[in-house]
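# Examining the three-dimensional arrangement
Read off the chains here:
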Amino acid sequence: QVRLVESGGGVVQPGRSLRLSCAASGFTFSNYGMHWVRQAPGKGLEWVAVIRNDGSKAYYGDSVTGRFTISRDNSKNTVSLQMNSPRAEDTAVYYCAKDVRQEAAALEQWGQGTLVTVSS
Amino acid sequence: AVQLTQSPASLSASVGDRVTITCRASQGISNSLAWYQQTPGKAPKLLIYDASTLQRGVPSRFSVSRSGTDFTLTINSLQPEDFATFYCHQYNNFPVTFGQGTRLVIK
């Protein structure tokens, strides 16, 4: 069955960098778009980024554009999120999610999430 | 960005009731809408995508309707496991956006 396991969360100081990873299994990874979605404590869902199945295109939410970068390695079935210059408002649980299609559609499967806390 | 406005923000109901949740888009989004259910401490679960396609394994008591840019999720005969927060999500335009959520609690 589909399994998504995030890692890399923790406490990071404002302005430093953090890299999140998501290991995927149970499906043909290279056929599907992959997303990062976050949820601040007690708040709703906020879409962060998506990368096309072949890695040729990526799109970002307004609040992270220019600071975060999504990437994927189809040979290792992993998707990553490089978080540069994080801010306090980036504190959230970060989920990776599998799309139902190649690029950006519904989010069919989600990982368990990894908590990122931005604090000095 | 396309704004999705869910109503109501919160809803109380009893087991066996029927409830409806509406998601209004600020502009046309074709059929590019999904619904998710989230219980506390868990990841969201996809219920419906492409406005009307029920995800595998989702009970048939979940149904949807649409009128223009208004999308409605109906849950018939509420079961104890249905009490959760529900989110709509549009993927017709970037940036992808979510509604603010509707919390369904037991009366």
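Bringing the sheet that holds strand 7 (residues 62-67) of chain B into the picture now. All names here are of chain B. With antiparallel pairing, four strands are arranged side by side in an open sheet as 1-3-8-7. Strands with a single pairing partner mark the edges of an open sheet, and in this sheet they are strand 1 (4-7) and strand 7. Geometrically, the sheet is characterised by an average inter-axis angle of 20 degrees between neighbouring strands, direction not taken into account. Alignment of strand 1 against strand 3 (residues 19-25), held across four bridges, turns out to be antiparallel. The residue bridging Q6 from the neighbouring strand is C23, located in strand 3.

Per the stated rule, a full pass over the model turns up seven aromatic pairs over all chains. Ring centres 5.9 Å apart and planes at 70 degrees place the aromatic pair F27 of chain A and Y32 of chain A in the edge-to-face group. Given a relative accessible area of 23%, Y32 of chain A falls into the partly exposed group. Plain terms: the ring middles of Y36 of chain B and F98 of chain B are 6.1 Å apart, the flat faces sit at 55 degrees to each other, and that makes the pair tilted. Pair noted here: Y36 of chain B is in strand 4 (residues 33-38) and F98 of chain B is in strand 10 (residues 97-98), with a separation of 62 residues, a long-range link. In terms of burial, Y36 of chain B and F98 of chain B fall into one category: buried. Counting every residue linked through ring pairs, the aromatic cluster contains Y95 and W110 of chain A together with Y36 and F98 of chain B. The aromatic ring of F29 of chain A is capped on one face by R72 of chain A, whose charged end is 4.3 Å from the ring centroid.

Take the pattern of salt bridges next. Summed over all chains, the structure comprises eleven salt bridges over all chains. Between K98 of chain A and E108 of chain A there is a salt bridge, and its shortest N-O distance comes to 2.4 Å. Of the two residues, K98 of chain A is situated in strand 9 (residues 92-99) and E108 of chain A in strand 10 (residues 107-110); the sequence distance between them amounts to ten residues. Here K98 of chain A falls in the buried class, since its relative accessible area comes to 3%. According to the relative accessible area criterion, E108 of chain A is buried, its value standing at 13%. D82 of chain B serves as the salt-bridge partner of R61 of chain B, at 2.8 Å between the closest nitrogen and oxygen. Residue R61 of chain B is found in the loop between strand 6 (53-54) and strand 7, and its partner D82 of chain B is found in the loop between strand 8 (70-75) and strand 9 (85-90); the two are separated by 21 residues along the sequence. Counted as one network, the salt bridges with shared partners bring together R38, E46, R67 and D90 of chain A.

Bringing the sheet that holds strand 1 (residues 3-7) of chain A into the picture now. All names here are of chain A. Taken in spatial order, the four strands of this open sheet run 1-3-8-7, and their pairing is antiparallel. Each having just a single partner strand, strand 1 and strand 7 (68-73) make up the two edges of the open sheet. The average angle at which neighbouring strand axes cross in this sheet is 15 degrees, direction not considered. As paired elements, strand 7 and strand 8 (residues 78-84) share six bridges and run antiparallel to each other. The partner of S71 across the bridge, within strand 8, is S80.

The next subject is the interface of chain B and chain A. Facing the 18 residues of chain B at the interface are 23 residues of chain A. Between chain B and chain A lies a buried interface of about 1,600 Å² when both sides are counted; carbon and sulfur atoms form 66% of it. Considering only the surface of chain B that becomes buried against chain A, P44, F94 and F98 of chain B emerge as the three largest contributors, covering 33% of it. Remark: the boundary between chain B and chain A carries two salt bridges. Measuring nitrogen to oxygen at the nearest pair gives 3.2 Å for the salt bridge that ties E108 of chain A to R56 of chain B. Scanning the region where chain B abuts chain A turns up five residue pairs in polar contact (both at pLDDT 80 or more). Put simply, the parts of the chain that give the side of chain B that touches chain A at least two residues each are strand 4, strand 5 (45-49) and strand 9 of chain B. Examining the composition of the side of chain B that touches chain A, we find that three residues originate from one element, strand 4 of chain B, more than from any other.

Conventions we followed
Residues numbered from 1 in each chain as written. Chains lettered and ligands numbered in written order. Predicted model: local features only at pLDDT ≥ 70, side-chain atom pairs only at ≥ 80, totals over all residues. Heavy atoms only, no water. Pairing = 2+ DSSP bridges. Helix = DSSP H or I, 4+ residues; strand = E, 2+ residues; numbered from the N terminus. Axes fitted to C-alpha atoms, helices over the stretch in contact; angles between N-to-C directions. Phe/Tyr/Trp six-rings, centres within 6.5 Å; stacked < 30°, edge-to-face > 60°. Buried < 20%, exposed > 50% of the residue type's maximum accessible area, 1.4 Å probe, protein only. Lys NZ or Arg CZ within 6 Å of the ring centre and 35° of its normal. Salt bridge = Lys/Arg side-chain N within 4 Å of Asp/Glu carboxyl O. Contact = heavy atoms within 4.5 Å. Buried area = accessible area lost by both parts, 1.4 Å probe. Polar contact = N/O pair within 3.5 Å; in protein donor to acceptor, adjacent residues only side chain to side chain.

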